[in-house]
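# Results of the structural survey
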Amino acid sequence: MISKRLQDAINAQINKELFSEYLYLSMAAYFESVNLPGFANFMKMQVLEERFHAMKFFEYLAERGGRVYLEQINKPEIEFSSIIEIFEKSYKHEQFISKSIYELMDIAIEEKDHATKSFLNWYVDEQVEEEATMDAILNKLKMIDGKGQGILMMDNELAQRAFTPPTNN
Ligand code: OFO
């Protein structure tokens, strides 16, 4: 049975993952509105990733005899001034999520909950990838100054992104 303190912290993290989903869906909607379907696809795939992150916590909490309590999801930003701004915000958001996962890990360590520590290791590794993905796109965008022909090439590239849920977790 999981402690009340960890249950509350995981419920708060589920809310953050669902907010991440909502934030990236809002960014996808923006990209659709400016005719960049590849960028929109990238964000839609990110939405699926975030739902997966949320559901993985959901299932874990249930498995440990905890209770999932859903809270209100904050409204995401809906207007953006540039593509670079969107990826700066995405990168910053992922850094915020990494910090939040580390805080969860700190609680699991304090509670001496080894099962949760082991479970959270997946998220620690995942966040390395999440930050790297956003940072790599941000750097490419800066190279082309966020405009011109390069944007169309990136749009074609990002149209290829697909989401395959991990099978061994
Ligand atoms: Fe983007 O990693 Fe979950 O929130």
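What this report covers is the structure whose coordinates are included nearby. These figures come from a predicted structure and were not determined experimentally.

### Concerning the packing of helix H2 (residues 37-63) against helix H5 (residues 149-158)
One way to put it is that H2 packs onto H5 with a least axis distance of 7 Å and a crossing angle of 40°. Classed by the angle they form, the pair H2 and H5 counts as oblique. In terms of crossing hand, the pair formed by H2 and H5 is left-handed. Contacts from Pro 37, Gly 38, Phe 39, Asn 41 and Phe 42 of H2 reach H5 at Ile 151, Met 154, Asp 155 and Leu 158. Looking at the contact of H2 with H5 residue by residue, the class counts come to six nonpolar, two polar and one charged.

### With respect to unusual backbone geometry
Phi is positive for Asn 35, which is not a glycine, with a value near 60°. With respect to the helices and strands, Asn 35 occurs in the loop between helix H1 (4-33) and H2. We classify Asn 35 as exposed; its relative accessible area is 64%.

### Some remarks on the environment of Ala 132
Locating Ala 132 in the fold gives a position in helix H4 (residues 114-143). When the C-alpha positions of Ala 132 and Asp 145 are compared, they lie 20 Å apart, and in sequence the two are 13 residues distant.

### Observations concerning the packing of aromatic side chains
Tallied over the full model, the rule gives 13 aromatic pairs. Through a chain of ring-to-ring contacts, the aromatic side chains of Phe 52, Phe 57, Tyr 60, Phe 119, Trp 122, Tyr 123 and Phe 163 assemble into a single cluster. If you follow Lys 56 out to its NZ or CZ, it ends over the ring of Trp 122, 4.7 Å from the centre. Over the ring of Phe 42 we find Arg 161, and its NZ or CZ is 4.3 Å from the ring centre.

Reading the values: the criteria
- Per chain, the residues get numbers from 1 upward, laid out in the order the sequence is written.
- In keeping with the model being predicted, local features are shown solely for residues with a pLDDT of at least 70 and side-chain atom pairs are shown and tallied solely at 80 or more, while totals for entire chains, interfaces and linings include all residues.
- As a convention, hydrogens and water are excluded, and side-chain values are obtained from all of the structure's heavy atoms.
- Here an axis means a line fitted to C-alpha atoms, over the contact stretch when the element is a helix, while the angle between two N-to-C directions is reported on a 0 to 180 degree scale.
- What counts as a helix is a DSSP run of H or I of at least four residues, what counts as a strand is a run of E of at least two, and both are numbered from the N terminus.
- Between 65 and 115 degrees an angle is taken as roughly perpendicular, under 35 as roughly parallel, over 145 as roughly antiparallel, and anywhere else as oblique.
- Definitions for this section: a left-handed crossing has its near helix turned counterclockwise from the far helix by less than a right angle. A right-handed crossing has that turn clockwise.
- Whether two residues are in contact is decided by their heavy atoms: any pair within 4.5 Å suffices.
- Polar here means any residue other than Ala, Val, Leu, Ile, Met, Phe, Trp, Tyr, Cys and Pro, which are nonpolar, and Asp, Glu, Lys and Arg, which are charged; Gly is therefore polar.
- Only protein chains enter the calculation, and the probe is 1.4 Å; a residue is then buried if its accessible area is under 20% of its type maximum, exposed if over 50%, and partly exposed in between.
- Under the pairing criterion, centres of Phe, Tyr and Trp rings, with the six-membered ring standing for Trp, must be within 6.5 Å; the plane angle then separates stacked pairs below 30 degrees from edge-to-face pairs above 60, leaving the rest tilted.
- When the NZ atom of lysine or the CZ atom of arginine is within 6 Å of a ring's centre and also within 35 degrees of its normal, the charge is said to sit over that ring.

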